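Survey of secondary and tertiary structure
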Amino acid sequence: MSKFIYSFLILFISCSVWAQPEDQQKKLEERKAQIQKEIRETEELLQATKKKEKSVTTLIVIQSNKIKLKEKLINTTEKQTKLLSNDMYLNQLQINRLKRELEILKKDYAEMIVKSYKSRSEQSRAMFLLSSENFLQAYKRAQYMKQYASFRKTQGVEIKDKTSELTNYNEKIVVQKTAKQKLIEENEKERLALQKEKQEQEVLANSIKKDKKKYTAEIKKKQQETRAIDQKIDRLIREAIAEANRKAAEANRKAIEASRKATPNNTKIPTKEAVVAETKAIESSSKIVLTAEGKIIADNFKANKGRLPWPVEKGSVYSAYGEHPHPEFKSLTIKNSGVDIETEKGANARAVFGGVVTSIMVFSPVNTAVMIQHGDFFTVYQNLSSVSVSKGDKVSIKQSIGRIRTSGDSGKTILKFTISQNTTYFNPGSWLYNM
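Residues numbered from 1 in each chain as written. Predicted model: local features only at pLDDT ≥ 70, side-chain atom pairs only at ≥ 80, totals over all residues. Heavy atoms only, no water.

1. Concerning the overall build of the chain
Defined as follows: Strands are runs of DSSP state E lasting at least 2 residues, helices are runs of H or I lasting at least 4, and numbering of each runs from the N terminus. Buried means the residue's accessible area, taken with a 1.4 Å probe over protein chains only, is under 20% of the maximum for its type, while exposed means over 50%, and partly exposed covers the values in between. Any two residues having at least one pair of non-hydrogen atoms within 4.5 Å are treated as being in contact.
Regarding its fold elements, the chain presents seven helices and 12 strands. Taken across its 435 residues, the chain has 38% of its residues classed as buried. Here the analysis covers contacts within the chain between residues at least 6 apart in sequence; of these, 73% occur between residues at least 24 apart.

2. Here's the deal with the pairing of strand E4 (residues 339-343)
Which entries qualify depends on this criterion: Any two strands with at least two DSSP-identified bridges between them are counted as paired.
Burial within E4 is extensive, with five of its five residues counted as buried. The side-chain alternation of E4 yields two buried faces, one formed by Val339, Ile341 and Thr343 and the other by Asp340 and Glu342. Note that strand E1 (residues 316-319) and E4 share three bridges and pair antiparallel. Directly across from Val317, in E4, lies its bridge partner Ile341. In terms of strand pairing, E4 meets strand E11 (residues 413-421) through five bridges, oriented antiparallel. Counted as the bridge partner of Thr343 is Thr413 from E11.

3. A word on the packing of aromatic side chains
The description of an aromatic ring pair uses the distance of the two centres, along with the angle that the planes make with each other. Our working definition: A pair of aromatic rings is counted whenever rings of Phe, Tyr or Trp (Trp by its six-membered ring) have centres within 6.5 Å, and the orientation is called stacked for planes under 30 degrees apart, edge-to-face for over 60 and tilted otherwise.
The final tally for this structure, using the stated rule, is seven aromatic pairs. Summarising the aromatic geometry, the rings of Phe301 and Phe353 are spaced 5.3 Å apart at their centres and angled 90° between planes, so their arrangement reads as edge-to-face. Of this pair, Phe301 sits in helix H7 (residues 292-303) while Phe353 sits in the loop between strand E5 (348-350) and strand E6 (355-364), and the two are 52 residues apart along the sequence. As far as the burial class goes, Phe301 and Phe353 line up, both buried. With 5.3 Å between their ring centres and 50° between their planes, Tyr381 and Phe417 make a pair best called tilted. Separated by 36 residues along the polypeptide, Tyr381 in strand E8 (residues 377-387) and Phe417 in strand E11 bring together distant segments of the chain. Across the pair, exposure class does not vary: Tyr381 and Phe417 are buried alike. An aromatic cluster is built from Phe301, Phe353, Phe377, Phe426 and Trp431, whose rings are joined through pairwise contacts.

4. What to know about the side chain of Asp340
Let me state the cut-off plainly: The charge count includes Lys and Arg as positive and Asp and Glu as negative, but it does not include His or the ends of the chains. We define a salt bridge as a side-chain nitrogen of Lys or Arg found within 4 Å of a carboxyl oxygen belonging to Asp or Glu.
Mapped onto the fold, Asp340 is located in strand E4. Notably, Asp340 is buried but unbridged: the nearest opposite-charge side chain belongs to Lys416, and the N-O separation is 5.2 Å. In contact with Asp340, not counting residues within four places along its chain, are Ser316, Val317, Tyr318, Ser319, Ile414, Leu415 and Lys416.

5. Quick word on unusual backbone geometry
The backbone phi angle of Lys398 is positive, close to 70°, even though this residue is not glycine. Phi at Asn422 takes a positive value of approximately 60°, unusual for a residue other than glycine. On the basis of relative accessibility, which here comes to 5%, the residue Asn422 falls in the buried class.

6. Some words on the pattern of salt bridges
If you walk through the whole model with that rule in mind, you get seven salt bridges. In this structure, the salt-bridge partner of Lys247 is Glu243, at a minimum N-O distance of 3.9 Å. One end of the pair, Lys247, and the other, Glu243, are both in helix H5 (residues 212-262), four residues apart, so they sit about a helical turn from each other. Here Lys295 ties to Asp299 by a salt bridge, and the two come within 3.0 Å at their closest N and O atoms. Of this pair, Lys295 and Asp299 both sit in helix H7, four residues apart, which is roughly one turn of that helix.

7. Things to note about the nonpolar core
Applicable threshold: As used in this record, nonpolar core signifies buried Ala, Val, Leu, Ile, Met, Phe, Trp, Tyr and Cys residues forming a set joined through side-chain atoms within 4.5 Å.
Leu308, Ile372, Tyr381 and Ile401 are the most contacted members of the largest nonpolar core, which totals 27 residues. Sorting the residues of this core by element identifies H7, E4, strand E7 (367-374), E8, strand E10 (400-404) and E11 as the ones contributing at least two each. In contact with Tyr381, not counting residues within four places along its chain, are Pro311, Arg350, Ala351, Val352, Thr368, Ala369, Val370, Ile372, Ile401, Leu415, Lys416 and Phe417. With 14 residues, the next largest nonpolar core counts Ile237, Ala240, Met361 and Phe363 among its residues.

8. Topic: the pairing of E11
Extensive coverage of E11 is indicated by the burial of eight of its nine residues. In the sheet, E8 pairs with E11 via six bridges, with the strands oriented antiparallel. Note on E11: the bridge partner recorded for Tyr381 is Phe417. In this antiparallel pair of consecutive strands, E11 and strand E12 (residues 424-426), the connection spans two residues, and Asn422 shows a positive phi of 60°.

This is how it looks when you write it as structure tokens:
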């Protein structure tokens, strides 16, 4: 009985161990497929840009993004290989255990067969029963013979089952070895491709050095334009906060006045001075004072961090969030308050979460932005050529809000997307799914 329990526990633990690597492998395979998709899209954009774009700085940025994706792909494949190696090691342990158990079982079974052979005649069995001293002893001997025969049959079945299990493990490890070799070959291929990408990047970098002043001026001009737009958006966010708090203060004042009229004279209620002070505190707050409904929306938005859909149906990162040196001119710092996403021509921007349109911003005839409020969170969608929503509209998740502009000079279709809580900006890569 104890041997049966031990075998059951081993089997249960083994099943648990199998399930975990398989689940992790599935997630890694999904992640790898997503990265490969992004690499293909980036390659398409790069080839299209090479045909239309005269600015080498743009090519360098796209090439840098492609190199980063290649590095991510190699890293993911390495994780798959390591996970597979660990799984193979555990399977080999199971094979070794089964071989030992089979050896013991076969030895016991062989000894049992020999003993059965020596006492195989019906006469010897009958004499074993008839030589009993009493009926009770004869009954016990008969039961023993019956149990002995049953145990021998059980041993045979167990040997058969373990042999089958061993065969399955051997087949599985052969498949795993093939899969591991395939992953190693894939990784080697990607490493060679990465080396080629870096060589192409170096060629682009050398070509840009020939006219450094021109490209430096070009980069600085674009950064100045970006900062000017960011300042306008900051101002509009502060205005949205002030408007939301003005409404909240008014609602709070009316609620207290209504309470004052409805309650008896001896009930303690805030004084007019206290109400005025509270109203001013709400109105002067630099952050949105959330209503009960607003808090639910903000909490739901925050709870979906890392799971929000992309603001485009498909695309790849053109310029990442935050401050980082220019790919070629290390002395120049590129600052991005959000993330620039390259997509296909004619693509629409879409809301990443349900909310209310608080502002439509026109920065130029070809650059419009939409700001959506989600409690005390704001998402902004820049570089739209046309808009399909109006101020005050309630929008739902993945709802189209406008067409993204395609540059006539470069042929690129880029959406700039930002996320902030009040006036504090976050890295969209931490909020969007699989970025």
